[in-house]
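Examining the three-dimensional arrangement
Here's the letter readout for the chains.
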Amino acid sequence: MLELKQITKSFPGIFEPVLNGISLRLAVGEFCVVIGANGSGKSTLLKIISGEYLADSGEITRQGAVCEVGQDVNKGTVSSLTLLENVALSQIRKEKPKFAFYNRFKQDIIKEIKKIGIGLEKLINQPISSLSGGQRQIIATLMAFNSGGQILALDEHTSALDPKMQIMLMEYSVKSIMEQNLTTLMITHKMDDAIKYGNRLIMLNKGKIVVDIKESEKSKLKTQDLLEMFHKYEDQVLLPGGTK
Amino acid sequence: MTIDLILNGILQGLILAIVSYSILIPFRFLDFADLTSEGAYPLGGAICATCLSFAGLSPIFAVFLSMLATGSVGICTALIHLKFKINTMLAGIILSAMAYSVNLRIMGKPNIALFNCSAMFSLDIATNIVKLVMILALIIFPLSLFLRTDFGLRFRAVGLNKDFAVKQKISIEKNTILGLFLAGALAGLAGGLIVQIQSYMDIGMGVGILIHGLASLMIGETIIGVKTINRQLLAPLIGAIIYQQIQGLALSFGLAPSDLKFFTGAIVLLVIAMRAKNPIA
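**Details of the overall build of chain A**
Across its full length, chain A holds eight helices and nine strands. For 244 residues, the compact-globule formula gives about 18 Å, and the C-alpha radius of gyration of chain A, at 19 Å, lands near that figure. With respect to the principal axes defined by its C-alpha atoms, chain A has extents near 60 × 35 × 35 Å. Of all 244 residues assigned to chain A, the portion counted as buried reaches 50%. Residue pairs at least 24 apart in sequence account for 69% of intrachain contacts in chain A once pairs closer than 6 positions are excluded. Both charge centroids of chain A, one from 31 positive and one from 27 negative side chains, sit 4 Å from each other.

**As for the overall build of chain B**
Looking only at helices and strands, chain B features eleven helices and two strands. In terms of overall dimensions, chain B is globule-like: its C-alpha atoms have a radius of gyration of 18 Å, near the 19 Å expected for 281 residues. With the C-alpha coordinates aligned to their principal axes, the bounding extent of chain B is approximately 55 × 40 × 30 Å. Classification of the 281 residues of chain B by burial places 52% in the buried group. Considering only residue pairs separated by 6 or more positions, chain B has 76% of its internal contacts joining residues 24 or more positions apart. Carbon together with sulfur atoms contributes 71% to the accessible area of chain B, which is approximately 12,600 Å² in total. Here chain B contributes 18 positive and 11 negative side-chain charges, whose respective centroids are spaced 9 Å apart.

**Let's talk about the confidence of the model for chain B**
On average, chain B scores 92 in pLDDT, and the residues at 70 or more come to 99%. Taken together, the chains of this predicted complex give a pTM of 0.88 and an interface ipTM of 0.85.

**Looking at the environment of Pro 279 of chain B**
Checked against the element boundaries, Pro 279 of chain B lands in the segment after helix H11 (260-277). For the pair Pro 279 of chain B and Gly 225 of chain B, spaced 54 residues apart in sequence, the C-alpha to C-alpha distance is 10.0 Å.

**Overview of the interface of chain A and chain B**
Each side of the interface is counted separately: chain A has 27 residues, and chain B has 20 residues. At the boundary of chain A with chain B, total buried surface from both sides reaches about 2,000 Å², with 65% on carbon and sulfur atoms. For the chain A face of the interface with chain B, the top three residues by lost area are Leu 89, Arg 93 and Tyr 102 of chain A, together amounting to 28%. Between Lys 167 of chain B and Glu 68 of chain A there is a salt bridge whose closest N-O contact spans 3.9 Å.

**Section: the pairing of strand E7 (residues 183-187) of chain A**
All names here are of chain A. Counting buried residues along E7, five of its five residues qualify, which places the element largely inside the surrounding structure. Side chains Thr 183, Leu 185 and Ile 187 project from E7 onto one buried face, and the interleaved Thr 184 and Met 186 project onto a second face that is buried too. Relative to E7, strand E3 (residues 31-36) is paired through four bridges, and the arrangement is parallel. Note on E7: the bridge partner recorded for Phe 31 is Thr 184. Pairing geometry for strand E6 (residues 151-155) and E7, over five bridges, is parallel. Directly across from Leu 152, in E7, lies its bridge partner Thr 184. In terms of handedness, the path from E6 via helix H5 (residues 163-180) over to E7 forms a crossover that is right-handed.

**Some remarks on the sheet that holds E6 of chain A**
All names here are of chain A. One open sheet accounts for six strands, arranged E5-E6-E7-E3-E8-E9; its pairing is mixed. Each edge of the open sheet is held by one strand with a lone partner, namely strand E5 (66-69) and strand E9 (208-213). The average undirected angle you get between the axes of adjacent strands in this sheet is 20 degrees. As paired strands, strand E8 (residues 200-205) and E9 are joined by five bridges and run antiparallel to one another. From the neighbouring strand, Asn 205 faces E9, where its bridge partner is Lys 208.

**Some words on the nonpolar core**
Counting residues in each nonpolar core, the largest one holds 134 residues, and the members touching the most others are Ile 35 and Leu 226 of chain A together with Leu 132, Leu 136 and Leu 193 of chain B. For this core, the leading source of residues is helix H1 (residues 2-29) of chain B, giving 13 residues. Beyond its immediate chain neighbours, meaning those up to four positions away, Leu 136 of chain B contacts Leu 14, Ala 17, Ile 18, Tyr 21 and Leu 237 of chain B.

**Section: the packing of helix H9 (residues 209-224) of chain B against helix H10 (residues 229-252) of chain B**
Residue and element names in this part refer to chain B. Interaxial distance between H9 and H10 falls to 6 Å at its minimum, and their mutual angle equals 115 degrees. As the angle between them shows, H9 and H10 are arranged roughly perpendicular. As H9 packs across H10, the resulting crossing turns out to be right-handed. Of H10, the residues touching H9 (which contributes His 212, Ala 215, Ser 216, Leu 217, Ile 219, Gly 220, Glu 221, Ile 223 and Ile 224) are Arg 231, Gln 232, Leu 234, Ala 235, Pro 236, Ile 238, Gly 239, Ala 240, Ile 242, Tyr 243, Ile 246 and Gln 247. Residues that form the contact of H9 with H10 fall into these classes: 13 nonpolar, six polar and two charged.

**A few points about the layout of surface pockets**
Considered as a void within the structure, the largest pocket measures approximately 1,100 Å³ in volume. Forming the boundary of the largest pocket are 30 residues, of which Ser 80 of chain A together with Arg 156, Val 226, Lys 227 and Thr 228 of chain B lie nearest the centre. The residue inventory of the lining of the largest pocket, partitioned by class, reads twelve nonpolar, nine polar and nine charged.

**A word on the side chain of Arg 154 of chain B**
Among the structural elements, Arg 154 of chain B can be located in helix H6 (residues 150-160). Ignoring any residue separated from it by four or fewer positions in sequence, one finds Arg 154 of chain B in contact with Leu 89, Ile 92, Arg 93 and Pro 97 of chain A together with Gln 168, Lys 169 and Ile 170 of chain B.

**Remarks on the pattern of salt bridges**
Oppositely charged side chains can form a pair if their charged atoms are brought close together. Residues and elements named next belong to chain A. Tallying each qualifying case throughout the model produces 13 salt bridges over all chains. When the shortest N-O distance is used, the salt bridge between Lys 196 and Glu 171 registers 3.6 Å. Linking Lys 196 in helix H6 (residues 191-196) with Glu 171 in helix H5, this pair joins segments that are 25 residues apart in sequence. Here Lys 196 falls in the exposed class, since its relative accessible area comes to 54%. Given a relative accessible area of 37%, Glu 171 falls into the partly exposed group. Its salt-bridge partner being Arg 200, residue Asp 212 comes within 2.7 Å of it at the nearest N-O pair. With Asp 212 in strand E9 and Arg 200 in strand E8, this residue pair connects regions lying twelve residues apart in the sequence. Here Arg 200 falls in the buried class, since its relative accessible area comes to 5%. When salt bridges that share partners are traced, they join Glu 30, Arg 200 and Asp 212 into one network.

**Notes on H10 of chain B**
Residues and elements named next belong to chain B. The end-to-end C-alpha distance of H10, which contains 24 residues, comes to 35 Å, matching closely the 34 Å that a straight helix rising 1.5 Å per residue would cover. Residues of H10 that are buried: Ile 229, Gln 232, Leu 233, Ala 235, Pro 236, Leu 237, Gly 239, Ala 240, Tyr 243, Gln 244, Gln 247 and Ala 250. Its buried side turned inward, H10 meets H1, helix H5 (125-147), H6, H9 and H11. Taken from the residues just after H10, Gly 254 is the one with a positive phi, measuring 105 degrees.

Rules behind the numbers
Residues numbered from 1 in each chain as written. Chains lettered and ligands numbered in written order. Predicted model: local features only at pLDDT ≥ 70, side-chain atom pairs only at ≥ 80, totals over all residues. Heavy atoms only, no water. Helix = DSSP H or I, 4+ residues; strand = E, 2+ residues; numbered from the N terminus. Rg over C-alpha atoms; globule rule 2.2 N^0.38 Å. Buried < 20%, exposed > 50% of the residue type's maximum accessible area, 1.4 Å probe, protein only. Contact = heavy atoms within 4.5 Å. Lys, Arg positive; Asp, Glu negative; His and termini not counted. Charge placed at Lys NZ, Arg CZ, Asp CG, Glu CD. Areas by Shrake-Rupley, 256 points an atom, 1.4 Å probe, with all protein chains shown as cover. pLDDT = per-residue confidence, 0-100. Buried area = accessible area lost by both parts, 1.4 Å probe. Salt bridge = Lys/Arg side-chain N within 4 Å of Asp/Glu carboxyl O. Pairing = 2+ DSSP bridges. Right-handed = clockwise from strand over helix to strand, strands pointing away. Axes fitted to C-alpha atoms, helices over the stretch in contact; angles between N-to-C directions. Core = buried A, V, L, I, M, F, W, Y, C linked by side-chain atoms within 4.5 Å. Parallel < 35°, antiparallel > 145°, perpendicular 65-115°, else oblique. Left-handed = near helix turned anticlockwise from the far one by under 90°. Nonpolar A, V, L, I, M, F, W, Y, C, P; charged D, E, K, R; others polar. 1 Å grid on protein atoms, 1.4 Å probe; cavity = no way out; pocket = protein on both sides within 12 Å on 5 of 7 lines; lining within 4 Å. Points joined across faces, edges and corners; volume = space filled by probe spheres on them. Expected span 1.5 Å × (residues − 1).

And the structure:
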């Protein structure tokens, strides 16, 4: 469960608050897609949830730890450590560190990596830097699922990948979210993904939730509806500049 | 005679290796450019010499006190950086400068002779080398085991990717303090041992020791690489022994001892230049 009450957040030097009174409650296992234009406050919202930023005011309740995957493939893993060592770090986070050799996780980790089904288990003793960007991002995602958190924050985690890899990673993510019944927030700019995945959708505009679509309505949504919503809010910003 | 020279070089190299480990830990595992050893090494010597000559403590206990004190200086460096956001190198330099005055206060005079005090070492170079090898084994082996545990892996992650470590809820503070304590204690250990070997402590001891230790580390890394934990952990030892022999060679070719610091700096720059062209794996 995750609950935000009247969260606001400003940054020095920016006149308008980036988040302006956000309230949101996600039940356990709820999978909420977040859309909105650049600068609407999506990433800030996720960083408040993960604890990276502290809110200026408002209340946040988290049931369980938050794990996250961001856009930057270099930030989710440690490039000079091996595949085993990286995944072991997430395993250690789940089980609390001990004075025991991390090699004891090897068999479990190979099993987990095999589940992804693209043969990465063969690279278990290779440094992460020898993997492709897509492979690294998949490992970063696996590590998020492996770290024992109950809340998952995905910030455009497939955006840097090629189309085939994007689909693969999304399918893998959704399967794991279902299996572990994680409370999930996923930021995306891909309207197709926003329609296809999750059982709730919110849209942010100028730091506020302007659209909140629940399960039954969401399944009826079409890409066209979303684009219309987007234009309804964003054109107010774009039209005066004449860029549209 | 030449054998003696080589053995003496190895002896000095083993002491230098300990200093080199005190540089390895913060530089390579924590990505913390730490200069505290420049002050911790003579501080360790000063404390050990004072304990032996004035208090008549047992040599092992004296070295233990040296390590405790210099380890605390390491913690101070860590805290100054963590709490006041002062550049790591600046924090180390400030403390090293302060250590000089502290050393004089502790010793009460600029130098102490230890010829009549009990020591862990004898006049026989070969036995001394064996003892130092045992001490180094007591450093390297536990360190190698530690780095393979959960805590060791998290310790390494701090230096390799700080953002990542924070997200994994790994404490930067605790690990930095631990690492700099170890580094400081090792530098103090080297200082405490060298005064017992030389039977002499001088306030000017160890000026530039950091550069010597760094040169050793870099030479070792260039020769055997850093691909695995084992290689990374052997680099200071091998580098220090080779470096000391290079110095001995330079002296026997007629270089004046006072030229050695220039020579060392040139070696460090040379290794850095070589690495810039061919980064080591």
